[in-house]
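Now for the letters of each chain:
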Amino acid sequence: KMIDDAGFDIEAWLSNKTTSKMSRVENTAFVLGDGSQKPKGFLALPAWAAAGTYERNAIEQIASGAAGGVTSDAFKEMQNSLIEDYQGSAIWTMKRASFLPVITLKDSSGRYIFESRFINNRDEMRLLGKEVVFMNDMPAVANNALSYAYGDFGQGYTVVDRLGFRVIRDVYTNKPYIKFYTTKRVGGAVTNFEALKIMKIDS
């Protein structure tokens, strides 16, 4: 009755709400997924056994340099550890709350280490010259957390998406009620293990 009598398109509203929720679930899987009936996230891979030594099915991890926190040297080391082939399109990713410990780092004289002139609502956030992209699914800064990532995600992570969202309208199974089945087929995994770097917070 609501579908028939409502003054707006309920089916479109429901479809938008469902696809929005499924998109958030997808995004979580791209970061943290274990690969079982879902994409495998880039944080789900182990660390390289030795710093600077390429290892398949693993990503190099850089130590943060401070227990439960970060250091400016760690960010510089992390950026410098990425080979030149991927620097051109590299970005930083982190939870929004994790940006604060970075931009409030100070030297022994109390001066901010990273310039704050880029902090403007009209400008994109940048760190060491590279764009910062906030991902809510990245872990917060805490002991042993993988809180920051840097690299060329276009080269490093591959998403395979088939047909987008599909909605099936079922008017027969439970009359007079109408059911909507929304389906999505998607996969994702790291496909270039030297294009991404991850920072692990010291404990």
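An account of the accompanying structure is given in this report. Given the structure is predicted, the values throughout are model-derived calculations rather than measurements. (Residues numbered from 1 in each chain as written. Predicted model: local features only at pLDDT ≥ 70, side-chain atom pairs only at ≥ 80, totals over all residues. Heavy atoms only, no water.)

## Notes on the pairing of strand 1 (residues 61-67)
Then, in step 1: With four bridges connecting them, strand 1 and strand 9 (residues 196-202) associate as parallel partners. Across the sheet, residue A63 finds its bridge partner in strand 9, namely K200.
Then, in step 2: Direction of pairing for strand 1 relative to strand 2 (residues 69-70): antiparallel, over a ladder of two bridges. Across the sheet, A66 pairs through a bridge with G69, a residue of strand 2.
Then, in step 3: Linkage of strand 1 to strand 2, two consecutive antiparallel strands, is achieved through a turn of one residue, within which G68 is found at a positive phi near 70°. (Pairing = 2+ DSSP bridges. Helix = DSSP H or I, 4+ residues; strand = E, 2+ residues; numbered from the N terminus.)

## A few points about the nonpolar core
General note: in soluble globular proteins, nonpolar side chains tend to be found buried as a group.
Then, in step 1: Core analysis: the biggest nonpolar cluster contains 23 residues, and F75, W92, L127 and Y148 have the highest contact counts within it.
Then, in step 2: If one sorts the elements of this core by residue count, helix 3 (residues 72-80) sits on top with three residues.
Then, in step 3: Discounting chain neighbours no more than four positions away, the residues touching L127 are F75, Q79, W92, M94, V102, F114 and V132.
Then, in step 4: By size, the runner-up hydrophobic cluster in this structure holds 16 residues, among which are L146, Y157, F193 and L196. (Core = buried A, V, L, I, M, F, W, Y, C linked by side-chain atoms within 4.5 Å. Buried < 20%, exposed > 50% of the residue type's maximum accessible area, 1.4 Å probe, protein only. Contact = heavy atoms within 4.5 Å.)

## Observations concerning the packing of aromatic side chains
Then, in step 1: According to the stated counting rule, one finds nine aromatic pairs in the structure shown.
Then, in step 2: Put simply, the rings of F75, W92, F114, Y148 and Y150 touch in pairs and so form one group of aromatic residues.
Then, in step 3: Stacked on the ring of F165, the Lys or Arg K184 has its end atom at 4.3 Å from the ring centre. (Phe/Tyr/Trp six-rings, centres within 6.5 Å; stacked < 30°, edge-to-face > 60°. Lys NZ or Arg CZ within 6 Å of the ring centre and 35° of its normal.)

## Here's the deal with the side chain of S64
Then, in step 1: Checked against the element boundaries, S64 lands in strand 1.
Then, in step 2: Given the relative accessible area of 0%, S64 is considered buried.
Then, in step 3: Within the structure, S64 has its side chain in polar contact with the backbone oxygen of G69 (distance 2.8 Å).
Then, in step 4: When residues no more than four places from it in sequence are discounted, the contact partners of S64 are G69, V70, T71, A74, M199, K200, I201 and D202. (Polar contact = N/O pair within 3.5 Å; in protein donor to acceptor, adjacent residues only side chain to side chain.)

## Remarks on the sheet that holds strand 3 (residues 91-94)
Then, in step 1: Strand order in the open sheet formed by seven strands is 2-1-9-6-3-5-4, and the pairing between neighbours is mixed. Edge strands, defined here as strands with exactly one partner in the open sheet, are strand 2 and strand 4 (126-127).
Then, in step 2: Relative to strand 5 (residues 130-134), strand 4 is paired through two bridges, and the arrangement is antiparallel. Bridging from a neighbouring strand, L127 pairs with K130 of strand 5.

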